[in-house]
Amino acid sequence: MDDWASYERMVLIRCFEEAVERLFSEGRIMGTAHVCIGQEAVAVGVAAALRPGDALTSTHRGHGHFIAVGGDPGRMMAEMFGKATGYSRGRGGSQMMADTALGFYGSNGITAGSMAFACGLALEAQHRRTGRAVVCIIGDGAANEGLFHESLNLAALWRLPLVVICENNRYAMSTPVAAGLANTRLAERGAAYGIPGCAVDGNVVADVRAAVETALARARAGSGPSLVECETYRLSGHSKGDPRAYRSPAEEADAWQREPIRHLEAHLRAAGNTDPARFAACRTRAEQAIAVAIRFAEASPAPDPATVTEGVFASD
Ligand SMILES: Cc1ncc(C[n+]2csc(CCOP(=O)(O)OP(=O)(O)O)c2C)c(N)n1
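Predicted, not measured: the structure shown is a model, and the values here were computed from it.

Rules used throughout
Just so you know, the residues in each chain are numbered from 1, in the order the chain's sequence is written. Local features are withheld for residues below a pLDDT of 70 in this predicted model, meaning they are given only at 70 or higher, and side-chain atom pairs are given and counted only at 80 or more; totals for whole chains, interfaces and linings count all residues. Remark: hydrogens and water are excluded; side-chain values derive from all non-hydrogen atoms of the structure. For the purposes of this entry, the term helix denotes a DSSP run of H or I that reaches at least four residues, the term strand denotes a run of E that reaches at least two, and both are numbered from the N terminus. Burial classes follow relative accessibility: with a 1.4 Å probe on protein chains only, a residue under 20% of its type's maximum area counts as buried, one over 50% as exposed, and anything between as partly exposed. Two residues qualify as a contact provided that any one of their heavy atoms is within 4.5 Å of a heavy atom in the partner residue. Only the protein chains shown count as cover for residues, and the accessible areas themselves come from Shrake-Rupley with a 1.4 Å probe. When charges are counted, neither His nor the chain ends are considered; positive counts come from Lys and Arg and negative counts from Asp and Glu. By convention, the point assigned to a charge is CZ for Arg, NZ for Lys, CD for Glu and CG for Asp. Two strands make a pair as long as DSSP finds a minimum of two bridges between them. Structural elements are reduced to axes, namely lines fitted to C-alpha atoms, with helices fitted over the stretch in contact, and the angle between N-to-C directions of any two is expressed from 0 to 180 degrees. Only heavy atoms are used to decide nearness, and a residue is near a molecule or strand if one of them lies within 4 Å of it. Whenever two N or O atoms come within 3.5 Å, that pair is a polar contact, provided that in protein one can donate a hydrogen and the other can accept it, and provided that, for residues adjacent in sequence, both atoms are side-chain atoms. Here the term cavity refers to a set of points on a 1 Å grid, laid over the protein atoms alone, in which a 1.4 Å probe fits but cannot get out; the term pocket refers to an open set having protein on both sides within 12 Å along at least five of seven lines, with lining residues being those that place an atom within 4 Å of a point. Think of it this way: a molecule belongs to a cavity or pocket when more than half its atoms come within 2 Å of the grid points there. In the scheme used here, Gly and all other residues not listed as nonpolar or charged are polar, with Ala, Val, Leu, Ile, Met, Phe, Trp, Tyr, Cys and Pro taken as nonpolar and Asp, Glu, Lys and Arg as charged. Here a salt bridge means any side-chain nitrogen of Lys or Arg lying within 4 Å of a carboxyl oxygen belonging to Asp or Glu. To count as a disulfide, a pair of cysteine sulfur atoms needs to be within 2.5 Å. For our purposes a nonpolar core is just a set of buried Ala, Val, Leu, Ile, Met, Phe, Trp, Tyr and Cys residues, chained together by side-chain atoms within 4.5 Å.

Trainee: I tried to follow the overall build of the protein on my own but got confused; where do I start?
Mentor: Of the regular secondary structure elements, the protein holds 11 helices and seven strands. Oriented by its inertia axes, the alpha-carbon framework of the protein measures out at about 55 × 50 × 40 Å. Relative to its full complement of 316 residues, the protein shows a buried share of 50%. Long-range pairs, those at least 24 residues apart, make up 74% of the contacts in the protein between residues at least 6 apart in sequence. For the protein, the exposed surface amounts to about 13800 Å²; the carbon and sulfur share of it is 54%. Of note, the protein has its 31 positive side-chain charges centred 2 Å away from the centre of its 35 negative side-chain charges.

The structure is reproduced here in structure tokens:
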């Protein structure tokens with residue numbers, strides 16, 4: 001994926017998330033949603049490092065991760081609208097989407113919940129020698145869950161082909177990193193399990209990609225897991241209706257200066273791409289794609305009440 005392809009994908013994610021915020025405020029979609037505005041470079045950098053056949057697990061803030069690996073915005077939007085054409089046939093909403101054909105093993109409403117699941121996928125890959133590597137994205141808050149430590153311990157012990165990405169967006173709901181972590185250098189937690197831990201600027205897509213590629217090479221070589229901390233910032237609220245009283249407008253304004261799309265734009269300009277029309281065309285294409293997705297969702301049928309018990313058991 002070259003810089004322009006990364007840019008295009010990041011702008012598509014941004015437009016999807018802006019639309020989700022707008023649709024909530026207009027009362028057109030319900031439930032809950034956690035948007036990833038400001039974190040697009042992590043999603044796209046991780047996706048660029050993956051190979052076909054690899055697996056990715058995600059968090060409650062998973063729209064960007066899914067779009068980055070090829071999730072269809074129309075089916076995602078339909079899921080948000082609770083429609084039968086949605087990824088979970090309208091039963092799951094924002095946090096319950098997956099497409100195993102794309103290697104996307106789901107967003108997850110349980111903080112750190114996907115870590116044990118990712119270990120299981122990695123154990124299967126190791127056992128069956130499929131060559132698959134597994135990438136598991138979690139948040140900084142999730143790194144304080146017991147599951148984080150239990151999973152890293154077993155993954156290290158069994159040398160599982162796993163890469164754990166900690167998307168450090170500075171806050172777990174309203175708790176700043178410094179109020180929740182005794183050692184705010186999250187990447188150093190790798191040392192406790194004898195595995196590499198590194199921290200990268202999560203707003204620079206090329207840096208994320210390079211770090212994840214290195215970690216994936218180690219996983220594929222049978223050398224075990226790695227921990228990659230991506231330092232970024234959640235520009236929106238935790239979820240809809242969050243007034244963000246726990247931080248200042250000045251802090252947010254500063255973060256907007258360093259946000260990933262702006263950063264990549266500056267990088268492209270520095271490389272000689274100065275035509276404003278090309279940047280504008282990316283944005284227009286993304287807006288059109290999201291408008292099409294919303295129309296598809298709105299025009300889709302609601303689930304048939306007669307199917308309410310379907311999908312409850314694994315055999316379904
Ligand atoms: C096991 C569990 N505990 C608590 C929650 C409630 N909860 C939802 S999101 C969240 C914060 C997660 O923070 P972080 O991991 O940093 O992810 P971010 O929201 O910043 O992307 C919490 C505590 C939950 N969903 N699951």
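Read on for the rest.
Trainee: I keep staring at the sheet that holds strand β3 (residues 162–168) and nothing clicks. Help me out?
Mentor: The pairing of strands in a sheet comes from backbone hydrogen bonds and takes either a parallel or an antiparallel form. One open sheet holds the five strands; their spatial order is β1-β2-β3-β7-β6, and the pairing between them is parallel. Since the sheet does not close on itself, it has two edges, and those belong to β1 (55–57) and β6 (197–201), each with one partner. Across this sheet, the average inter-strand angle for adjacent strands is 20°, counted without regard to direction. Bridge count for β1 against strand β2 (residues 134–139) is three bridges, and the pairing is parallel. The partner of Ala55 across the bridge, within β2, is Val134.

Trainee: I tried to follow the site of the ligand on my own but got confused; where do I start?
Mentor: Taken together, 15 residues surround the ligand, and among them His60, Arg61, Gly109, Gly141 and Tyr171 come closest. Here an oxygen atom of the ligand sits 2.8 Å away from a polar atom, N or O, in the side chain of His60. Here an oxygen atom of the ligand sits 2.9 Å away from a polar atom, N or O, in the main chain of Ala142. Alone, the ligand offers 580 Å² of accessible surface; in the complex the protein occludes 73% of this. Judged by the proximity of its atoms to the pocket grid, the ligand belongs to the largest pocket. Considered class by class, the residues forming the shell around the ligand number five nonpolar, seven polar and three charged.

Trainee: I'm lost on helix α2 (residues 40–49) in this one. Help?
Mentor: Along an α-helix, a turn takes 3.6 residues, which lines up residues three or four apart on a common side. Where burial is concerned, most of α2 is hidden: 10 out of the 10 residues are buried. Turning to α2, its buried residues are Glu40, Ala41, Val42, Ala43, Val44, Gly45, Val46, Ala47, Ala48 and Ala49.

Trainee: Before we go on, may I ask you to explain the environment of Arg128 in this structure?
Mentor: Inspection of the secondary structure puts Arg128 in helix α5 (residues 113–128). Residue class for Arg128 comes out exposed when judged on its relative accessible area of 57%. Separated by 51 residues in sequence, Arg128 and Ala179 place their C-alpha atoms 42 Å apart.

Trainee: I would appreciate a short explanation of unusual backbone geometry in the present structure.
Mentor: Most peptide bonds take the trans form, and the phi angle of most residues other than glycine is negative. Unlike most non-glycine residues, Arg129 shows phi in positive territory, near 55°. You can call Arg129 exposed: its relative accessible area is 75%. Backbone geometry at Arg170 places phi at a positive 80°, although glycine is not the residue there. By the element assignment, Arg170 lies in the loop between β3 and β4 (171–172).

Trainee: Looking at this model, I keep getting lost on the pattern of salt bridges. Mind explaining?
Mentor: Pairing between side chains of opposite charge can happen when the charged atoms of each approach one another. With the rule as written, the count across this model stands at 16 salt bridges. Residues Arg209 and Glu213 are paired through a salt bridge, measuring 2.9 Å at the closest nitrogen-oxygen approach. One end of the pair is Arg209 and the other is Glu213, both in helix α8 (residues 205–220) and four residues apart, which spans about a single turn. Residue Glu213 is classed as partly exposed on the basis of its relative accessible area of 36%.

Trainee: Would you mind showing me how to read the side chain of Ser6 here?
Mentor: As for its position among the elements, Ser6 is in helix α1 (residues 3–25). Under the relative-accessibility criterion, Ser6 is labelled buried at 4%. Setting aside residues up to four positions removed in sequence, Ser6 forms contacts with Met1, Val44, Val205 and Leu264.

Trainee: Help me understand the state of the cysteines, please; the structure alone is not making it clear to me.
Mentor: Defined simply, a disulfide is a covalent bond joining two cysteines at their sulfur atoms. Here the structure, examined in full by the defined rule, presents zero disulfides. Cysteine Cys15 remains unbridged, with the sulfur of Cys282 as its closest cysteine sulfur at 10 Å. A residue is classified by how much of its surface remains accessible, and Cys15, at 5% relative accessible area, is buried.

Trainee: What should I look at first to understand the nonpolar core in this one?
Mentor: In globular proteins that are soluble, nonpolar side chains generally tend to be buried together. Counting residues in each nonpolar core, the largest one holds 67 residues, and the members touching the most others are Tyr7, Val20, Val46, Met77 and Ile165. Considering each element in turn, this core owes the most residues, 12 residues, to α1.

Trainee: Teacher, can you tell me more about helix α4 (residues 73–80) here?
Mentor: A large share of α4 lies buried, amounting to seven of its eight residues. By the burial criterion, the buried members of α4 are Pro73, Gly74, Met76, Met77, Ala78, Glu79 and Met80. On its buried side, α4 packs onto α1, α3 (63–68) and α11 (276–299). The backbone nitrogen of Gly74 lies 2.9 Å from a side-chain oxygen of the residue at the head of α4, namely Asp72. Gly82 sits one or two residues past α4 and shows a positive phi near 70°.

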